[in-house]
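Tertiary structure, described
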Amino acid sequence: MEDSRIFNIVTKTEFNKIALEIFRFQAANNPVYKSFVNHLKIDVSKVNSIENIPFLPIQFFKTHRIVASKNNIEKTFLSSGTT
């Protein structure tokens, strides 16, 4: 999902709407996240608030490739690993 709208969010309503769109996109297109959501038996169509979006456990990012596209990765975010 390539969408520059996230950089122009002004209201909480806009944020919530876009967050739910991103959740649905990830649940449909990211194999690891889709499997996680299915394992939790969550009906994606019934998630209607950001409080109900399940967060992928941080450990998954260490053990799985978390991507929603088969395209080559253009940018990678690296963290210092500090808490």
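Residues numbered from 1 in each chain as written. Predicted model: local features only at pLDDT ≥ 70, side-chain atom pairs only at ≥ 80, totals over all residues. Heavy atoms only, no water.

1. Observations concerning the layout of surface pockets
Vacant regions in the atomic arrangement are exposed by a probe of water-molecule size rolled over the atoms. Of the voids in this model, the second largest pocket is the one considered here, and its volume is about 310 Å³. Every residue along the wall of the second largest pocket is listed here: A19, I22, F23, Q26, Y33, I50, I53, P54, F55 and L56. The element that contributes the greatest number of residues to the lining of the second largest pocket is helix α1 (residues 12–29), accounting for four residues. Residues that form the lining of the second largest pocket fall into these classes: nine nonpolar, one polar and no charged. (1 Å grid on protein atoms, 1.4 Å probe; cavity = no way out; pocket = protein on both sides within 12 Å on 5 of 7 lines; lining within 4 Å. Points joined across faces, edges and corners; volume = space filled by probe spheres on them. Helix = DSSP H or I, 4+ residues; strand = E, 2+ residues; numbered from the N terminus. Nonpolar A, V, L, I, M, F, W, Y, C, P; charged D, E, K, R; others polar.)

2. With respect to the pattern of salt bridges
Following the criterion strictly, the structure yields two salt bridges and no others. A salt bridge links E21 to R5, with the shortest nitrogen-to-oxygen separation between them at 2.4 Å. Residue E21 is found in helix α1, and its partner R5 is found in the segment before α1; the two are separated by 16 residues along the sequence. Here E21 falls in the partly exposed class, since its relative accessible area comes to 25%. A single network of salt bridges, built from pairs that share partners, joins R5, K17 and E21. (Salt bridge = Lys/Arg side-chain N within 4 Å of Asp/Glu carboxyl O. Buried < 20%, exposed > 50% of the residue type's maximum accessible area, 1.4 Å probe, protein only.)

3. A short note on unusual backbone geometry
Even without being a glycine, K41 presents a positive backbone phi close to 60 degrees. With respect to the secondary-structure elements, K41 resides in the loop between α2 (31–39) and α3 (58–63).

4. Examining α1
The first and last C-alpha atoms of α1 sit 25 Å apart over 18 residues, in line with the 26 Å expected at 1.5 Å per residue. Buried-residue contacts for α1 involve α2. (Expected span 1.5 Å × (residues − 1). Contact = heavy atoms within 4.5 Å.)

5. Some words on a nonpolar patch on the surface
Side chains of I6, F7 and I22 sit close together on the surface and give an oily, nonpolar patch of about 300 Å² of accessible area. One can find I22 in helix α1. I22 sits in the partly exposed class, given a relative accessible area of 31%. (Patch = residues over 30% accessible without salt bridge, like charges linked within 9 Å, V, L, I, M, F, W, Y side chains within 5 Å. Areas by Shrake-Rupley, 256 points an atom, 1.4 Å probe, with all protein chains shown as cover.)

6. Considering the packing of α1 against α2
Two numbers describe how α1 lies on α2: the axes approach to 6 Å, and their chain directions differ by 100 degrees. Taken together, α1 and α2 sit at an angle that is classed as roughly perpendicular. Here α1 contributes F23, Q26, A27, A28 and N29 to the contact with α2, which in turn contributes P31, Y33, K34 and V37. In terms of residue class, the contact of α1 with α2 is made up of six nonpolar, two polar and one charged. (Axes fitted to C-alpha atoms, helices over the stretch in contact; angles between N-to-C directions. Parallel < 35°, antiparallel > 145°, perpendicular 65-115°, else oblique.)

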